[in-house]
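For reference, the chains in residue letters:
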Amino acid sequence: MVWHRQTIERVLADDQVPESERVRSVVEIEGAMSSAENIARRIDDSGPDESTFADSLYVRYGVQDTISRVAPRAVELTGSLGSLDPDEVGHLATGALGLALHPPARLQTTDSLASYLTGEPLILA
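A few points on the structure.

Rules behind the numbers
- Residues numbered from 1 in each chain as written.
- Predicted model: local features only at pLDDT ≥ 70, side-chain atom pairs only at ≥ 80, totals over all residues.
- Heavy atoms only, no water.
- Helix = DSSP H or I, 4+ residues; strand = E, 2+ residues; numbered from the N terminus.
- Expected span 1.5 Å × (residues − 1).
- Polar contact = N/O pair within 3.5 Å; in protein donor to acceptor, adjacent residues only side chain to side chain.
- Axes fitted to C-alpha atoms, helices over the stretch in contact; angles between N-to-C directions.
- Parallel < 35°, antiparallel > 145°, perpendicular 65-115°, else oblique.
- Left-handed = near helix turned anticlockwise from the far one by under 90°.
- Contact = heavy atoms within 4.5 Å.
- Nonpolar A, V, L, I, M, F, W, Y, C, P; charged D, E, K, R; others polar.

### What about the environment of D15?
Thinking step 1. For D15, the location among the structural elements is in the loop between α1 (2-13) and α2 (19-46).
Thinking step 2. D15 sits 63 residues away from T78 along the chain, and the two C-alpha atoms are 9.5 Å apart.

### Concerning helix α3 (residues 50-77)
Thinking step 1. Helix length check: α3 (28 residues) gives 40 Å between terminal C-alpha atoms against 40 Å at 1.5 Å per residue, within 8%.
Thinking step 2. Where α3 begins, one side-chain oxygen reaches toward the backbone nitrogen of S51, 3.3 Å away; that side chain belongs to D49.

### Things to note about the packing of α2 against α3
Thinking step 1. Taken N-terminus to C-terminus, the directions of α2 and α3 make an angle of 155°; their axes are 9 Å apart at the nearest point. Considered as vectors, α2 and α3 are oriented roughly antiparallel to each other. Judged by the sense of rotation from one axis to the other, the crossing of α2 with α3 is left-handed. Between α2, through E21, R24, S25, E28, I29, A32, S35, A36, I39, R42 and I43, and α3, the contact on the second element is made entirely by S51, T52, D55, S56, V59, V63, T66, R69, V70, R73 and L77.
Thinking step 2. For the contact of α2 with α3, the residue count by class is nine nonpolar, six polar and seven charged.

Structure follows, in structure tokens:
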């Protein structure tokens, strides 16, 4: 998520971006990072278990959603695609889609997570 931080830093440094948008971007990225760091800490402290695995999937899909919202908005806020290097735009797009393409896909886990939320064991095929 380093490139996302760099993108947010660009948003923060741009005086033309409204303060509300700067704060919104930081809140979203830092919230996602904190959630991911918390799951990693839980695994380090007590090892993986079913609850932590389920929570890691919730966090992963939340981070995925955050990235897919923040990356295009950051590009829009910092001017236009013309103000960015074409390679950088491609990197942003690839990074924003990276989690969506990484298994397990959300559609593959939806039924299992729904069952888990009703008290059933978490089983992923």
